[in-house]
Structures are given as C-alpha cells and as structure tokens.
Amino acid sequence: MTAMIVRFFSMTQSPACVMLSLEPAPQAGHDAYYVREASGLVPNKLTAGTVYGPFAKTEAVSALEQLQQGYLARGYLERKRRDYLQALLQTDRKARARAAIQVGWRKPAGAVAALLKAAAEATTEISSVIDALARAAKQDAGVADARVIAVASEQAQKKLLSRRRSGVEALRALSDASGIATAFESGLARLNSEVALLLSQMSHSDLNNLPLLKSKLQTLSAPELGLTLDQLYEFDTPLTMAAVREMVFENALKPGRFRYTKSIFKRALLRNDAWMLAKLARLFELTRPPAMSTSIKSGLDGQARQSSIYSQRTRAWLIRASARHLRRLGNFDSNQSRRTGDTANNFLACATALLAELKRDAKFGAQIFDSAVAAHGLLYPASQLRTGKRRLGGYVLAKAAIVHSARVPFASIWQQHPDAWVGLLAVCEFPALCEGIEFDLRTQPELIRKINDQTLTLLYDVASVRELAGIETTRRFNPAQPDLALCGALLDGNPFAQSVAVALLRDSSSAWAQNPNAIQDLLTRAGTDAQQKAANAVIAALNNQSQTARAPVLLKMLVALPFEDLEAHAGRLAVITHFATDYPQALSVEHLLAMLDLPQAAPQTAAVAILASMPEGANHIGVERCLRLADSSIAGVRRFALVLIESSLHTIAQEPYGLLRLADGRFPDARDGAFKLIQRIDFAQFGFDGILNLCDSNQAPVQKFARDWVRLNLARIDAAALLLRLQEHPHRTMQSFAIELLEHHLAPGAPALARVRAFLQACLRRPRMGRADKDRLLQVLRGRGASDAEQGAMAIAVLNDSLRTATRRDREPLLVALSELSLRYPKEPSDWRMQTGAAS
Amino acid sequence: MAYADGRGKLMNFDYKYQGRSGFSETHEGARLALATNSLREATYFRGILRDPLLAREGFGALYDVVQSDFKWRPKERVAYQLWLEQQDREFVRNFSQHQGVAQSKMLTLRERLAQLDGARRNRRVHFTAARQRYIRFAALSESEAYRVLDPVITVHPDEMSFEAFSRDQSSYARLRLGYELFSNISDTACGTTNIDFSAALHDHLDRMRSYRETAFELGAGGFASKQLQPDLGAPVAYEKRIDLPDGWMEGFLNVHGLMSMGLTKLQLAPIDALNVVKFLLAHRTQASPRAMRFELSPGLPIRIVLEPWNVSFWCSPLSVYTGTVAQSIRIWGRDRLRTLLRILPICTSLNVHLVGSGLPSVWVAELGQHASFTLALSGWTDNDWVEGEGKFDLLTRRAHVSAQELQAVFEMLRALRVASVEDLGARLQMLEEKVKSAVSLLAQDGRAMFDLSTHMPRYRDLFTTAFDANQALKAATRAEKQSPEAALAKALMELGDICIIARRPFESGYKLSGNCADVSGLAARVRPALHVGGDTEIISASCTCAKMQKNGLSKGPCAHVLALRLAHMARLQSASA
C-alpha cells in the first residue's frame, strides 16, 4: 500500500486547508503506518500538523477515517480533482492557456475536441493551445489528425514567431510530411537569400557541407544569425541541427540573439531534445543577466524602449521551465511511455542529459553547482524546489543527504531502468548522486546484474565501482564461448579494464587461440598500449600451443602484415616478432629490412635474430650495417648483431678497423663481444695504427684489453714506436704501461732518451703516479744515466727538476739516483751538492 | 642574452649552435671543431695545432675548473632519516608487545623479513647498478643542459682566449693560446662568442696526440660543417637557454677589476705548487683555520705554510721574494688549487698575484712562451666572485672621463683589438690617466678585458648590444652611488673632513696617511693610511675605523681610505695643472 492523501478545505474556518495522509513507517515494521495531519492557510504551504502512529494497517485506516469524519462534521469539504476541460472555458485567457497546458499533459478523455474548440476561440493563448493539441493528438493519433493538422498548419504559416513555432512543431509531432515540407519552403523564404540558396543546393544529410554552411552563417549579423539558427532548428535536418549545435551557444544571450535562443529552447522542450534542452538550461543557470538594459525596437508598435532583454525574471522563468518540464515528463510522459511500450523514455533521456551537465565549473570554484535547479527537481523532493527565487549554492547541495534510488523523485522510473540509473555514474559529477548510486550498487547486489554489458563497460571508468564491474564481468563471462568483442572493448579502456580483459583472455585462451580471425580482431586496437596488452595475451595463449598448432595462425597474421606503416600494427608485429624464430624462412628480406628501420625494440631485435639464424644473414645487410647494429642502444639487437659479425668474420678481418671502433664503443656487452672477435683475427691484420687506436681509448676496460693483447703479441709489434706514442696518453694506467715498455724497449742512446724526457719529467711530477711506476722510472734513469755521459746529463737534469719534491718517499729514492749519477758525472750541474765529511 | 640594467641584472643567456662541437680522428689526422654561438658576432678561426698536447691539457684544466664546485653543502641524509623513522615505528610497535610469545613471533618474522629483503637486494643488484648508471647519465645530461658550461671564447689578433667560471662561481679560468701554437692559419675573424663544450667533447679531447696532425676549427657550423661562417639558413642543431644568477656577469667584471689593480706578484717553480697540492690531496682537516699563508721576507725564498698543521714548504731558490717589506698574506679556499693538477706537471713557471689577506689571488701557469692558464680565486669559496661582498672596483682608480673620450677609447680598442695604454694615449692624444680610467670603465661594462701576462687591455665584448658610452658612464656612476662607501667618501671630500697628514713618493706610487672624521660616529677622528700605485690604484690600506679593524680589505676599502685617495688625486691634478 502506498501513501494515501485526502485534502479538505473550508472557506469559513481556520485553518483553511487540511491534508490527511497515510504514510508507510518502515522503521516500525513492514506493515506499520503513520497518519499525518497537516494544515495551513494555502494548500501548498501547510505549516502545522500532527503525526499519529505507528499503527498496523487496519488501525491506521481506521484512524484516518475517524479524522476524516471529524473534519466533515466540522463543515470542511473534501477537495476533489480539478476539471481541466471545464477550465478551458474560463474567461481569463491566461487561465485558459494554463488549463490548455495541463490538458495537453494530462490528456483527459475528450481533450482533443475540447482543445480544438478552445483553439477556435483562442486569442493570444493560441500557442499554448496548439502545443497542448500536439501532445494530446499524438496520443490519440488517427482520431483527430485532420482537424488538428489543419489548425496547426494555419498557425505554421503565421508571421509571429511563437505561433509559427507552435504550428510547425505540432506538425512535426504529428508527422505531417506535407505540412513540414510547406513550412520548410516558407522557412527558406524567410532566410537570407545567400543562406537560402546554399541550403536549397546542399544535401542535408551530408555533414561534410557543415564547414561551408558555418562559414556562410558567420557572415551574418547577430539578429539575422539568431533568426537563421532558429529557422535551421525548425528544419530539423542532420546538417542544420549540426550547425545549430555548434553555433547556438556563442553570444546566445546577447540582445540581438536572445529572442531566438529562447525560441530554440522552447522548441527543444516541445521536441524533448534532451541534448539541446540540457545545454541551454545549464547556460541559463550559469549566466547572470547583464546589469545594463538595452534599447530595443518593439515588434508591436515599432517604438524603441529600454529593456533588459535577458532579465533576472526571464532567467528564473527559463530555469523553472526546464525543471517543470522534467517534472511533467516524470509525472505524465513516462507513464504513457510505459503504457504504450515506448522504450525511448523522454524523462530518462532529458534527466540524464541535465544531470550530465552538472559538472564542476572552474568559473564558480567551490560553488560547483551554482543553482543546480535540475538537480533539485530530479534528485530531491519537489517541495524543496524554489527555483529562481532562492539561490541554492553548491554548499547546500554538498551537505545534502546521500541520495539513493528509493528516495529520489520518480524513484519508480529509475528503479525500472537500472541501466539509466547506474549509467549516470559515468556521466555525472554530482557528488550526492554518485554516492547514492554507489550506495545502491553496494547494498543491492542484484542491481549490477540487471544492467547490460554496455553500461557495465561504462563503470570501468568510475574508480570507486570498477572492481564491482570487474567481478560482474567475470561472472557473466563464459570461457567456453568468450565474448572477444567485450574483451577488445575492455582492452581499449583504462589499465584496470585491461587487466580484467587480460585475465578473461587468459582463462578462455583455449577457446580462441586457434582462431586466426578472432586473434586479428583482438590485436586491431586503436592505442599502442592496448595493442601491446592484446599482443601479450595472444603471445601467452600461443605459447601454450605447440609450434605446429600455432603455425597456421602466425602465418595468416604474417601474410596480412603490410610492408609499410608497420607502427600502426604494433600488436601483430609484437606477436610475429615474438615467434619470429618459428618461421625464419617465411619472412622476406624486405620484411626484415622494414622491421630494422622501425624505432621499436621488439621488431628490430626479431629482425636481427632472424637474420642471425640465416646462413647468409650478414650478406643481406652488409658488414657495415652489422657493425652499426652491434652499437645499437637495444641490447637484443647488439647480441644478435655480434652473431652476424661472427658469421662474416673472414670478411671483416680484411678491414678490421670497424671492429676496433666497436671495441671502443659505448656498451660493455658489445665491447666484450668485439674483444673476443678481435682475438680470433690475426694480430698483424690490425696494423700498427689499429692497435694504437685501441690503446688510445679513454675507457678503462678497453685499455686493459689493449694492454693484455699487446703484451701477448709484443714480439710482433714495434714496441719502441708504441712506447713513443703511448707516452702521450693522459690516463695513468696507460702511462704505467708506457713505463713498462720503456724499461725494456726504449732504443739505446741519448736521442731515444731525449724523446721521452718530457714524459719522464711529467711522470716524476705527477702526484697520482704510482710508487712502483716511479721506482721503475728511476731505475731506468739510473741505468740509462750510467751508460754514457750524454744520457747521464739528461738523467741528472730530469731528476734535478723534481729534486725539491716535499714528498719524502719520492725524494729519497730520487736523491739516491741523483747522488749516484752526480758521483759518476760530478761536472754536471745540479741543485744537489755532495760533500764528503772532510770537506764539510 | 638579456641585459636588464646597466649594472648587471642579467636574466638569461641564449645559445644557438648550428652544429655540435666534436673531435674526430682518422688515419690521416684529427680534427677538433668547436661550434660557436650563432647568436653572437661571427667569430672563426682555422689552423693546425702545433702542440696538441698542450692544448689538450689546457682544455682539460679549463673543464676541471668549469666542473668544480667546492662550496660546502650539508649532506641530505634522507636514508638515515628514513631509518630513524623506521626505528621509531619499531619502538612504538614493540612497546605494547609485552607478551613473550608475541615478541618471539615478531622476532622470527622480522628475521624472515630481513632474509627476504636481503634476497631481494641480491636479486636486484644488477638492476640497481644499471639504474644508478642511468641516473648518473640522466643527471649529467640534465645538468649539462642548464649549466653555465660553455666558455666565452675571444679570438684576438695575436691569440685566442677561453674564459669560464666554475660551478660555484668562485673560480675563474682563462686559457690563452697564442697564434704561434698554430700553423697554416687560414680563416680568422676576431670577436667574442661562446663555444659548445660538453662532457662528451671533453672525453674526446683526451684523444689528442702530437703524432697526429690536428686541425683546429672554430666556427658556426661546428663538427658537421666545413663552413666556418654562420649560415643563417642552416637548421639549428642545438639550442639552450640558461637562466643566469643575477650578477653572474658582474663576476667577470670583478675579476678584471681585480686584475687591473696593483698586485703583489710572486714567482713559484711548478714543483713548489705541486708540493702544496700533493699535501692537500693527501690531508684533510675539519679544524680551522684552513688557510694558506705566504711568509714573504725580502731576498729569501717564499715560505708557504698550510694551517692548521702549520706545515711549511720552503720554495725553490727560483721563488725568491723581491719585495722590500716582510709580510704575511693568508688566503683561503686552497682546495680549489686542485684544478691546476693537470697543468702543473707540464707548466714552465707559475706566477701568483696576491692582493692581501682574505682577498682574491690569481695563479698564472705559463705553458711555454705562447700559452698560459690563469686561475683567479675569490677570497674564499663561499665568497664567490658574483655574490661575494668584496667590491674591487672601489680599489681601482677612476679619473673623470667624458662620454666622448670613453667612446673614442672604445672605438680605438675595438679597431686595434689589443694595445698598450701608452699606445692608446698616443693615438688618441689623451693623457694616460684618462685612458686607464676609460679602460677600467670599459672592463666594468664588459667591453674590454685586462691581460695579466702582458698588462695590456684587450677588446672583448661580452654583449651583443651596441656600446653606449653614456649608458656605461651612467652605470658606473650608479654603481658608485650604490656603494655607500664611495658616496660617503665623496661627501667627506666635499665637506673637507679629510686632510692629508703625510704624503711621500714611494717605489711605485705614493704612501699616504691622513686624518678623517669618522662616518660611523664611534670615534671623533680616524687615521687612514694608504699605499697607492702609479695609477692611484690601492695596493694596501689600513684605517683605525671599526670596519677596517674588523674586516681589513676583504670587504672593500672603507670610506675614509677612499676619501684619502680622492684627496691625493686632487693633489695630483692640481700639481699637473
């Protein structure tokens, strides 16, 4: 049993209005009810009241009847349902207009006939009557069509905008093709001649004409543009609608334009054009009227008057109009839709569009939903609606209680359409609403089971409920008959959706791994990331297959792979490259070269790997390219490139300079590989310059290799010449090696010593030169100095240069050497003076 | 480059290179190509290096200076702080674990956790090492993009000079390479520009050898291009913008302000400097003072004392102090001498120019007859050339120079590129005093530099904007006005609050003493004493005022000293009149 309401009124007693209601009391039990008595001066402002109960159902009904009897006994009259058809006969034309609107929505029996009669006698309220006729006649189609169409056609030919609008929209609602065609021709005549000509020549279903139409419209003045946009909206063709959607919002509320913007809004109300209705309603909510009024010429008498075209009052009316329209849709239209089996529920469409517009607005900062009238109309009880009179800031709404489907207005509609209710999560940012839907999803497990796959996919974009969506998707998924389209859609989504898709694909891999077409579809994704994820899933599935089993799949994929634009097929390429070694002969050299030119690591690696597995692989790309690939920044490429180089070592040995360059390269693995290959080539092939080049390296590992290599082959190289070169090396280890060579390979005689004199001098001065090296150097100097006077003089000069070193361990052996040489050549000048005891 | 006001609020430097600098070697020879900033005047040079090793070591030392950063910065102990927090959490967690069973269970779990952590560390050791390598690489690349690395290069008619500042802006280095070090010089255009100088290029330069003929090219195209002159239509290979700290350019000007002063010159043998550097490499101390003291006694070898160990290094007989008065000068920031390590083993002699205790020093390593490496160190590391408090331009002299005279000197110097003060005076029919002041103003404005080895001014324009003598004079006046000491000195002079007590000609200039009203108001009168050179530059100064008693000259001369010099200059002018 739902709530029951009885209303009383009295013209003589106070309070004038009384309302008795029977309401469920869920806190007190399943079958408990309250009886509420409320009273006040006017029906919609009941200020006093009492609540009785809770009672059991029978007791509650009995209590209500007692109260009812009491009021009747006191002379109160029960308020009956209003007779709207009778109201159409009132003398006040405004009252008639309001009554016509009510009749249009409520559609009581005989509504069309009454409205036709009212139309015949109507004056200024004719627009409202025609609008109502269109609504009423639509339901009773076939009964009063001809009469209604005649009335609507007559109005459609009027010059006055409101009448013409009502007439044409009524014809459209009643699907009168001939009337619409006539209106189209009349409409064209009203337009600017150039625009009219353009429209008459264009195909209205081809949206490629849109830029041309837009460019033409942009040349129009503001009032002319407004009129044209309204007319285009009236035409209602794909082309004209697209143009209006793109151009209507700019300067929409400026004096020359507002009249027509309002007209488009009213047309949207009549047509239930959810998108336009929501956009314009939000525009009105967010745009305050200007402070200054404008001088405008009246259409009635031609006088110019000051007027604030878009005033606060107009704005309030517009805001009320959208909320009121939604309420009427909820109250009347949706019921009819259900009755007629119409699945396109206007209420849900308009409500969803309006709620989707409730986004965080940077302009208003913390007050995220400035008036949010629609939110109040759609999410909170109608009694709270104070549209246009009281500002309902974001703060108020943020503090509002959590909404859930059982508490929102028109709850039954939402509950009957779980897809629409849950789908709001994906489009709306209104906190209370989102929390409410989440609340429903968590507390009503059956809710998520009712929604369709499309809505379920939308939930993956909502962080707070995506896990629920994942669980539900997994529950619905049948691994034996996998829905690969769904998996593809999830792969195109966010990382969470991708992870769910990967898991689903893994669980069902046995069902699709043998299906090349399904795999191709799965790998054809828009994003690189999605392609990579899909490729990983396919690779995992194919890995579980034997080589024979997966061969047909891979070959089919390979055949379909283009030579050019391989980057767009990254997924397929990843799979092919992963299993590249399965079918080396199947890939052509052109394929491989194309893959080598790609920036991605996987195809490059695969191409080099396949080339490495071919007996003549290196010949296909040439030795120079092999060497370049061995210096690639991709480790896999380097590894296989070294294999290629090894396979053509006999060619490289003829000109091994490139190998030396590789040995002095950037990457340790390439260097080590090059070292091994160098050792397999005859030492003499490198020549003196090549060996020197390696010794000249600045890299410690290369220097170490060079030293060891030279030591091994010392007998085959001109060590004296090498020494003279290496003495210029700036690194200590190579200087140490030069000293090692100096010990045994410096040519005899003073000229040879003179050529290394600067080196000896610098080594003795260098603070970081090792002790052992310095000792060996001193030893050499002592030996060479002792051999002849010329070398002795040179050695003394070198030693003398570092004589004043303050480092004791440097100085002492130096003094010993200098003393020895000074004693041998006493005439050589030195800072060091030897004196015997007797002399001192 | 943007130049906001006359006295150096510099905002940023724009570099645009049409190619990259590089070094290549083949069997035939090697080629070193340095790309110049195409936003600067067209400057190019082509020749064959006669002594590549000398150039290599010079560039190496320059790079060491540019890379160096000796400023002390507290360690960021992030890991330690995290560990401490972890310990605190452990403590709080254990605090409530009274029961022995729970404690033992926790202990077992913790041991297991430690084992697992250790295993994870072992497993990831290669990854961690690779990541570290990458971070180093990325940090180097990133820092290079925004670092003031590219040296300023000037091609003079007789030499090339490369100038740069260290990262901590406390060291200035200049490498001079004379034309005698080159053969087959073909294309030359004098001018000042920047060169693209990266860490990778520095590594490559180490491959320069004397047995390989090395072509040296300096031009817009860099390594990729054979063309030295800028090709305005060529695509830009490399471009960067560096936001300079305010007054970075002022550092350049300060250095040359210092060099134009009369300095105490000492000659050291390379082995003497090496002994000091070797000791510093082997020893570190946390204790103060960490000064290097020059004990100078007339006719005796110089003695260098390193504090706080008080280790003495008696220099070789070559390093005899030729001055007449014994003195002791202490300088700080000695660790910066390590940047000379590459130069010292090959240099022939080392000249040290000192200003005074706590003041900057300039070390000039002679690399044979035609090359030298100059290292100018600020008073101490934290007191850098740019932001330090020492304002050396106050020590230099300034006679009145009109805008026309300044413009004339600028034009003449630009035409000659290098000229002595006497030569400039003779050509312009100007007194040497005025020429010196004009050169000083040009150096302060970044249009000229002072070569310490030849004691000659050289044209070196740091800016791309045209020179405006009026602006330069205004900037100098503004600088003087900004210096309260200079303003006070002028006021003292105008009020007649300074009088010269004694004034006698000395070896090279004058020694003066005076009596002056104390501007600080702490005493009635103070006694400034001054030793000025022939150009009235301050060689040494003292005063009984509180400022000079506390800081000496390390924060610039006091107003009394400056007023005494003004009085002396007035005497000189009246005498010459």
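See the structure above.
As the structure is a prediction and not an experimental result, all values here were calculated from the model.

1. Regarding the pattern of salt bridges
All names here are of chain A.
At step 1: Tallied over the entire structure, the rule returns 62 salt bridges over all chains.
At step 2: Among the ionic pairs, Arg 716 bridges to Asp 682, the shortest N-O distance being 2.8 Å. In this pair, Arg 716 is assigned in the loop between helix H41 (700-712) and helix H42 (719-726) and Asp 682 in the loop between helix H39 (668-680) and helix H40 (687-695), connecting sequence segments 34 residues apart.
At step 3: A salt bridge links Arg 771 to Asp 810, with the shortest nitrogen-to-oxygen separation between them at 2.7 Å. Residue Arg 771 is found in helix H46 (residues 771-787), and its partner Asp 810 is found in helix H48 (residues 808-824); the two are separated by 39 residues along the sequence.
At step 4: Put simply, Arg 164, Glu 169, Arg 172, Asp 230, Glu 234, Asp 236, Arg 267 and Arg 271 are held in one network by salt bridges that share partners.

2. Things to note about the side chain of Arg 96 of chain A
All names here are of chain A.
At step 1: Within the secondary structure, Arg 96 is located in helix H3 (residues 93-106).
At step 2: Judged by relative accessible area, Arg 96 falls into the buried class, the value being 15%.
At step 3: Reaching out from Arg 96, the side chain makes a polar contact with the backbone oxygen of Gln 90 at a distance of 3.0 Å.
At step 4: Those residues in contact with Arg 96 that sit more than four places away from it in its chain are Ala 87, Leu 88, Gln 90, Thr 91, Thr 123 and Glu 125.

3. Quick notes on the sheet that holds strand E16 (residues 311-314) of chain B
Residue and element names in this part refer to chain B.
At step 1: Here we have four strands laid out as an open sheet, ordered E16-E15-E14-E17, and antiparallel in their pairing. At either end of the open sheet lies a strand with only one pairing partner, and these are E16 and strand E17 (327-331). Neighbour to neighbour, the strand axes of the sheet diverge by 20 degrees on average, direction disregarded.
At step 2: Where strand E14 (residues 292-296) and strand E15 (residues 303-306) come together, four bridges link them in antiparallel fashion. When the bridges of E15 are listed, Met 292 appears paired with Leu 306.

4. Quick word on the packing of aromatic side chains
Any two aromatic rings considered together are summarised by their centre-to-centre distance and by the angle between their planes.
Residues and elements named next belong to chain B.
At step 1: Counted by the stated rule, this structure contains 28 aromatic pairs over all chains.
At step 2: Seen in terms of ring centroids, Phe 279 and Trp 309 are 5.2 Å apart; in terms of plane orientation they differ by 75 degrees. Their pairing is edge-to-face. Of the two residues, Phe 279 sits in helix H7 (residues 270-282) while Trp 309 sits in the loop between E15 and E16, which places them 30 residues apart along the sequence.
At step 3: The class for Trp 309 is partly exposed, based on a relative accessible area of 28%.

5. Considerations on the pairing of strand E4 (residues 44-49) of chain B
Residue and element names in this part refer to chain B.
At step 1: Summarising burial for E4: five of the six residues are buried, a large majority.
At step 2: In this structure, E4 lies alongside strand E9 (residues 188-189), joined through two bridges in antiparallel fashion. Bridge pairing links Tyr 44 to Ala 189 in E9.
At step 3: Of the pairings in the sheet, the one linking E4 to strand E11 (residues 214-219) comprises five bridges and is antiparallel in character. Counted as the bridge partner of Phe 45 is Leu 218 from E11.

6. Brief notes about H46 of chain A
Residue and element names in this part refer to chain A.
At step 1: Between its first and last C-alpha atoms H46 spans 24 Å; for 17 residues at 1.5 Å apiece the expected length is 24 Å, and the two agree.
At step 2: All of the buried residues in H46 are Asp 773, Lys 774, Leu 777, Leu 778, Val 780, Leu 781, Arg 784 and Gly 785. The buried residues of H46 occupy an angular sector of 160 degrees when the element is viewed end-on, so they sit on one face.
At step 3: On its buried face, H46 is in contact with helix H43 (732-745), helix H44 (750-755), helix H45 (757-765), helix H47 (789-801) and H48.

7. Details of the interface of chain A and chain B
At step 1: Counting residues at the interface gives 25 residues for chain A and 28 residues for chain B.
At step 2: Interface area for chain A against chain B, summed over the two sides, is near 2,200 Å², with a carbon-plus-sulfur share of 50%.
At step 3: For the chain A face of the interface with chain B, the top three residues by lost area are Glu 728, Arg 765 and Arg 804 of chain A, together amounting to 32%.
At step 4: On inspection of chain A and its partner chain B, the count reaches four salt bridges.
At step 5: For the salt bridge of Arg 209 of chain B with Asp 696 of chain A, the shortest nitrogen-to-oxygen distance reads 3.2 Å.
At step 6: For the side of chain A that touches chain B, the secondary-structure elements that each account for two or more residues are H40 and H45 of chain A.
At step 7: If you tally residues by element for the side of chain A that touches chain B, the top one is H40 of chain A, at three residues.
At step 8: Across the side of chain A that touches chain B, the residue classes tally to six nonpolar, eight polar and eleven charged.

So, how was this worked out
Residues numbered from 1 in each chain as written. Chains lettered and ligands numbered in written order. Predicted model: local features only at pLDDT ≥ 70, side-chain atom pairs only at ≥ 80, totals over all residues. Heavy atoms only, no water. Salt bridge = Lys/Arg side-chain N within 4 Å of Asp/Glu carboxyl O. Helix = DSSP H or I, 4+ residues; strand = E, 2+ residues; numbered from the N terminus. Buried < 20%, exposed > 50% of the residue type's maximum accessible area, 1.4 Å probe, protein only. Polar contact = N/O pair within 3.5 Å; in protein donor to acceptor, adjacent residues only side chain to side chain. Contact = heavy atoms within 4.5 Å. Pairing = 2+ DSSP bridges. Axes fitted to C-alpha atoms, helices over the stretch in contact; angles between N-to-C directions. Phe/Tyr/Trp six-rings, centres within 6.5 Å; stacked < 30°, edge-to-face > 60°. Expected span 1.5 Å × (residues − 1). Arc of directions from axis to C-beta. Buried area = accessible area lost by both parts, 1.4 Å probe. Nonpolar A, V, L, I, M, F, W, Y, C, P; charged D, E, K, R; others polar.

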